[in-house]
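Here is how the chains run, residue by residue.
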Amino acid sequence: MNEKVLFVLLDEYADWEAGSLAAALNEEPEGDGRRFDVKTVSLTKNPVTSIGGFTVLPDYSIDDAPEEFAGLILIGGNSWRKDGSERVMELVDKALSQQSVLGAICDASVFLGRNGLLNDVPHTSNHLEDLQETAGDRYTNEAHYLQQQAVRSSQLITANGSAFLEFGKEVLEALNAAPQPEIDEWYGFFKQGYYDYLKSQQ
């Protein structure tokens, strides 16, 4: 039975942060069959619309989401500071309790900071000052804020909104989703571009 990776999509989610990683997780590494089932979760099962105008009908609401999953991916967007988003902590707590991979990109990383989850780990976000202002005294770890595209600390991955490829690479590695050469190839192909990547392999 394939392990589930849950993508949390709130209204006005950042569609560019989700698509490439979801597609990579749906691949069959080395032709051995697909290991993961990518599923979407939102506050309810009502349709959610991305910043780019794509409408998604979530597979699950918070209430009926699976109890067990290999990864929980919080996709950024414009709703992480709105009322109702705190319900996502029900899934975050499950991820932490079962040591699932937990990824948060863009404003979803601020959501983790606002809930005190970045205080003991190296991490990043969109902008330190915004993280400090939004999270207030619930965030006390500016000493371990890193100005990097993505940061992995054990099972926790954070990234800024322009870092969907770096974020995806860290998530794939944390999930051991494919052999490392395949992950490197996936990242290099999209990061460098088709022709430059081919030249780098000669």
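Structure's up top.
In short, a report on the structure. (Residues numbered from 1 in each chain as written. Predicted model: local features only at pLDDT ≥ 70, side-chain atom pairs only at ≥ 80, totals over all residues. Heavy atoms only, no water.)

Let's shift gears to the sheet that holds strand 2 (residues 36-42). Paired through backbone hydrogen bonds, the strands of a sheet run either parallel or antiparallel to each other. Reading across the sheet, the 7 strands line up as 5-2-1-6-7-9-8 and stay open at both edges, with mixed pairing between neighbours. Since the sheet does not close on itself, it has two edges, and those belong to strand 5 (60-61) and strand 8 (150-153), each with one partner. The pairing of strand 1 (residues 3-8) with strand 6 (residues 71-74) spans 4 bridges and is classified as parallel. Bridging from a neighbouring strand, V5 pairs with G71 of strand 6. (Pairing = 2+ DSSP bridges. Helix = DSSP H or I, 4+ residues; strand = E, 2+ residues; numbered from the N terminus.)

Here we come to the pairing of strand 6. Along strand 6, one buried face is formed by G71 and I73 and the opposite face, lined by L72 and L74, is buried too. Judged from the 4 bridges that link them, strand 6 and strand 7 (residues 101-105) form a sheet pairing that is parallel. Paired with I73 across the two strands is G103, which belongs to strand 7. With respect to chirality, the unit in which strand 6 leads through helix 2 (residues 89-97) into the neighbouring parallel strand 7 is right-handed. (Buried < 20%, exposed > 50% of the residue type's maximum accessible area, 1.4 Å probe, protein only. Right-handed = clockwise from strand over helix to strand, strands pointing away.)

Here V92 is to be found in helix 2. Sequence separation between V92 and L112 is 20 residues; the distance between their C-alpha atoms is 9.0 Å. Here V92 is in contact with L72, L74, L102, F111, L112 and L117, once residues within four sequence places are set aside. (Contact = heavy atoms within 4.5 Å.)

Turning our eyes to something else, we now look at helix 3 (residues 107-114). Where burial is concerned, most of helix 3 is hidden: 8 out of the 8 residues are buried. For helix 3, the set of buried residues is D107, A108, S109, V110, F111, L112, G113 and R114. Those residues of helix 3 that are buried lie in contact with strand 6, helix 2, strand 7, helix 4 (128-135) and strand 9 (156-159). A positive phi of about 75° marks G116, the residue just after helix 3.

Here the focus is the side chain of S125. Positionally, S125 belongs in the loop between helix 3 and helix 4. Separated by 2.7 Å, the side chains of S125 and S109 make a polar contact. Setting aside residues up to four positions removed in sequence, S125 forms contacts with C106, S109, V110, L131, Y145, A159 and N160. (Polar contact = N/O pair within 3.5 Å; in protein donor to acceptor, adjacent residues only side chain to side chain.)

Let us look at the nonpolar core. With 32 residues, the main nonpolar core has F7, L25 and L175 as its most contacted residues. Counting residues per element, the ones that place at least two in this core are strand 1, helix 1 (19-25), strand 7, strand 9, helix 5 (164-174) and helix 6 (180-192). Looking at which element gives the most residues to this core, the answer is helix 5, with 5 residues. Ignoring sequence-local partners within four residues, the contact set of F7 consists of A18, L21, A22, L25, V38, K39, T40, V41, I73 and I75. In this structure, L10, L91, A104 and V121 belong to the second largest nonpolar core, which totals 30 residues. (Core = buried A, V, L, I, M, F, W, Y, C linked by side-chain atoms within 4.5 Å.)

Before going further, it helps to examine the pattern of salt bridges. Evaluated as defined, the whole model comprises 13 salt bridges. Its salt-bridge partner being R87, residue D63 comes within 2.7 Å of it at the nearest N-O pair. With D63 in the loop between strand 5 and strand 6 and R87 in the loop between strand 6 and helix 2, the pair connects residues that are 24 residues apart, well separated along the chain. Looking at D63, the relative accessible area reads 60%, which means it is exposed. Judged by its relative accessible area of 30%, R87 falls in the partly exposed class. Between E67 and K94 there is a salt bridge, with its nearest N and O atoms 3.0 Å apart. Taken together, the residues E67 in the loop between strand 5 and strand 6 and K94 in helix 2 connect sequence positions 27 residues apart. Overall, K94 belongs to the partly exposed group, its relative accessible area being 22%. Salt bridges sharing partners connect three or more residues here, namely D63, R87 and E90. (Salt bridge = Lys/Arg side-chain N within 4 Å of Asp/Glu carboxyl O.)

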